[in-house]
Amino acid sequence: MCGIVGYVGKRNAVPVLINGLKRLEYRGYDSAGVAFFDRDNRIGVRRCAGKIKDLESSIKREKIKSFTGLGHTRWATHGRPSEENAHPHRAGGIVLVHNGIIENYFELREDLKRKGHVFTSETDTEVICHLIHSYSKDGRSFEDAVREALKHVEGAYALGVINEKEPDKILAVKKDSPLVMGLGDGEFFIASDIPAFLKYTRDVMILENNELVSITGKGVSISNLATKKPVKKEITKITWSPTMAEKGGYRHFMLKEIFEQPRAIADTIRGRISPEKGVVNLEEFSMKAKDLEKLSKIFLVACGTSWHSALIGKYMIENMAKVPCEVDIASEFRYRNPIIPKNSFIIVITQSGETADTIAAQREAQKLGAKVLSICNVVGSTSAREADSVFYTHSGPEIGVASTKAFTTQLTGLYLFSIALAKAKGILNKREIKELFSELLQLPEKVEKALHINAQVLKIARKFSQVHDFLYLGRGINYPIALEGALKLKEISYIHAEGYPAGEMKHGPIALIDNNMPVLALAPDDKVLEKILSNMEEAKSRGGKVIAVATEGSTKVLAHASDVLFMPKTNYYLTPIIFSIPLHLLAYHVAVLRKCNVDQPRNLAKSVTVE
Ligand code: G6P
């Protein structure tokens, strides 16, 4: 998984490419490189292992002047992170950058080697370069060489290709990996994602599979890869401001994104409900009430933090709409031969819309005849394009690898969907729906208030930043929040943490509790409060240090914990949104105190586009 960027225009290309790569670093960051046409129209390539800032400082002194170029930030799949394996790759006069995985690269490479091609990297990518080079030697045009080469390639790719014989031209093509194009005034961009060029233009074209784009300083032409037929495309205006994709004054993207949640949730609600009529505007889900009436079963499928949303979605849907739900991790769903009865429905939840396992599960469900709703944050992403219906969360770009605002906006979407379904099935009446709306409309303000806990969370983080293990307990709809708190802590601070349903503690984790083991308990004022207070007491009596997250005014929690974080009161379904805030903040502060790279934790990536 990688990020690619390309530029043709009037500016000096290399700084534009470096800036674009920095915006794409969330897609991978173990090595980086750029290619550019020099003054003699020869292609220069500069690569290095490490971060983009290492590449930037290594080429700064050269004062490169160029108007066309490609850039790449890598997350290794085939071949370790190193300078030789970094992109761009070159074969003769052909230079390219690639995001994706070539499945038949081994056979292709062996064949090319037999024909005398010499490989200099361990990557799957280099075969594409050699293939294009070999076909361009047969007198084909640059475009036709790319078309011919890709006939032989199996797998996923987004490619940017340049050719020494045709200076100032970029060819770009995609299959199953994201690729977008930015159109400025006499300048053009390609990239894996929009933030790469948002600083320069908001006019975007989203490329589809098997579209070949030819870009020069004069303009852009798009054609079908196989048939060569011209393709007409609409320009989409992106309303994100460039600063929305920047850190906005925060030390890390993760912190900025945690604090953006009131805005992100408000945007996700905006225009989606008619409070007076008591209806969810179903066109926002690209659905009709009659699609919902007959639904008898729902599968919720996702990975990582989005899977935690799915778990919470089950509580929401089953409680509000009385439709049975199954929750699956996408990589399990796709291989378990799921039995999908008639009138069932799949909800995939994905921030990026590009997670390989989620896309594969979505396709599997569609193959089995099910309709798919994608709850997704990225407009035009693969999941969104291929789904039968889409609900876009309006978080804006999420850059921090650890998902925060995307998570709470997914929960907001699930809440709206559950109400719509319950209404379509005649389970909730207008008054009940209005109450649910009223609580929802107060949510952004309550989240704002919940964020005031930050300083207190920092104090708790200072107490516990050096522990080796952490246990998170929750019950009911907040059990997945225990999983989420533990996941966040382990992924960004590298502390071993486990989330458990509190009632299960006595079946195992209790054996671990001693005075070195902090236990964080989610103790909202709901029908299982007494139960969780007993679990906290059990942990306390074994020396465990108990931290509780509780509902404001619920003073009885104080007797059972050494630290209590009080959160604004909301309804049962929205508690997980409010209660995730102190947990995300705790993971953040512990990670900062441990001097971990919060936004780019080791071995992880924001968007996992490989299986
Ligand atoms: C990666 C990210 C997580 C994310 C998961 C699913 O593991 O690091 O933050 O929850 O992928 O991603 P998606 O884009 O499908 O929600």
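Details of the structure are given in the entry above.
Given the structure is predicted, the values throughout are model-derived calculations rather than measurements.

(A) Region of the structure containing the packing of aromatic side chains. Taken as a whole and judged by the stated rule, the model has 10 aromatic pairs. On the numbers, 5.6 Å between centres and 35 degrees between planes, the contact of Phe189 with Phe197 is tilted. In this structure Phe189 comes out as buried when scored by relative accessible area, which is 1%. Ring centres 6.2 Å apart and planes at 5 degrees place the aromatic pair Phe345 and Phe417 in the stacked group. With Phe345 in strand S19 (residues 344-350) and Phe417 in helix H13 (residues 405-424), this pair connects stretches of sequence that are 72 residues apart. When sorted by exposure, Phe345 lands in the same class as Phe417, which is buried. The rings of Tyr7, Phe189, Phe197 and Tyr200 are connected pair by pair, giving a single aromatic cluster. For the cation-ring pair, Arg602 lies above Tyr494, with the distance from its terminal atom to the ring centre recorded as 3.8 Å.

(B) Structural detail: the pattern of salt bridges. For the structure on display, the rule yields 36 salt bridges. In this structure, Lys169 and Glu143 form a salt bridge, with 2.9 Å as the shortest nitrogen-oxygen distance. You can see Lys169 sitting in strand S8 (residues 169-175) and its partner Glu143 sitting in helix H5 (residues 142-151), a full 26 residues away along the chain. Among the residues examined, Lys169 registers a relative accessible area of 12% and is labelled buried. Here Glu326 and Lys297 are joined by a salt bridge, their closest N and O atoms 2.5 Å apart. A residue pair is termed long-range when its members are at least 10 positions apart, and Glu326 in strand S18 (residues 325-329) and Lys297 in strand S17 (residues 297-302) qualify at 29 residues. We classify Glu326 as partly exposed; its relative accessible area is 26%. In this structure Lys297 comes out as buried when scored by relative accessible area, which is 19%.

(C) Representation of the environment of Ala330. Here Ala330 shows up in helix H10 (residues 330-333). When the C-alpha atoms of Ala330 and Gly485 are compared, they prove to be 21 Å apart, with 155 residues separating the residues in sequence. Residues contacting Ala330, with those up to four places away along its chain left out, are Val301, Ala302, Cys303, Asp357, Thr358 and Ala361.

(D) Representation of the site of the ligand. Close contacts around the ligand come from 13 residues, with Ser306, Thr350, Gln351, Ser352 and Thr355 the closest. Residue Ser306 places a side-chain N or O atom 2.6 Å away from an oxygen atom belonging to the ligand. A distance of 2.7 Å is found between an oxygen atom of the ligand and a side-chain nitrogen or oxygen belonging to Thr350. Summarising the interface, the protein chains cover 91% of the accessible area of the ligand, which totals 380 Å² for the free molecule.

The rules behind these values
- Residues numbered from 1 in each chain as written.
- Predicted model: local features only at pLDDT ≥ 70, side-chain atom pairs only at ≥ 80, totals over all residues.
- Heavy atoms only, no water.
- Phe/Tyr/Trp six-rings, centres within 6.5 Å; stacked < 30°, edge-to-face > 60°.
- Buried < 20%, exposed > 50% of the residue type's maximum accessible area, 1.4 Å probe, protein only.
- Helix = DSSP H or I, 4+ residues; strand = E, 2+ residues; numbered from the N terminus.
- Lys NZ or Arg CZ within 6 Å of the ring centre and 35° of its normal.
- Salt bridge = Lys/Arg side-chain N within 4 Å of Asp/Glu carboxyl O.
- Contact = heavy atoms within 4.5 Å.
- Near = heavy atom within 4 Å.
- Polar contact = N/O pair within 3.5 Å; in protein donor to acceptor, adjacent residues only side chain to side chain.
- Areas by Shrake-Rupley, 256 points an atom, 1.4 Å probe, with all protein chains shown as cover.

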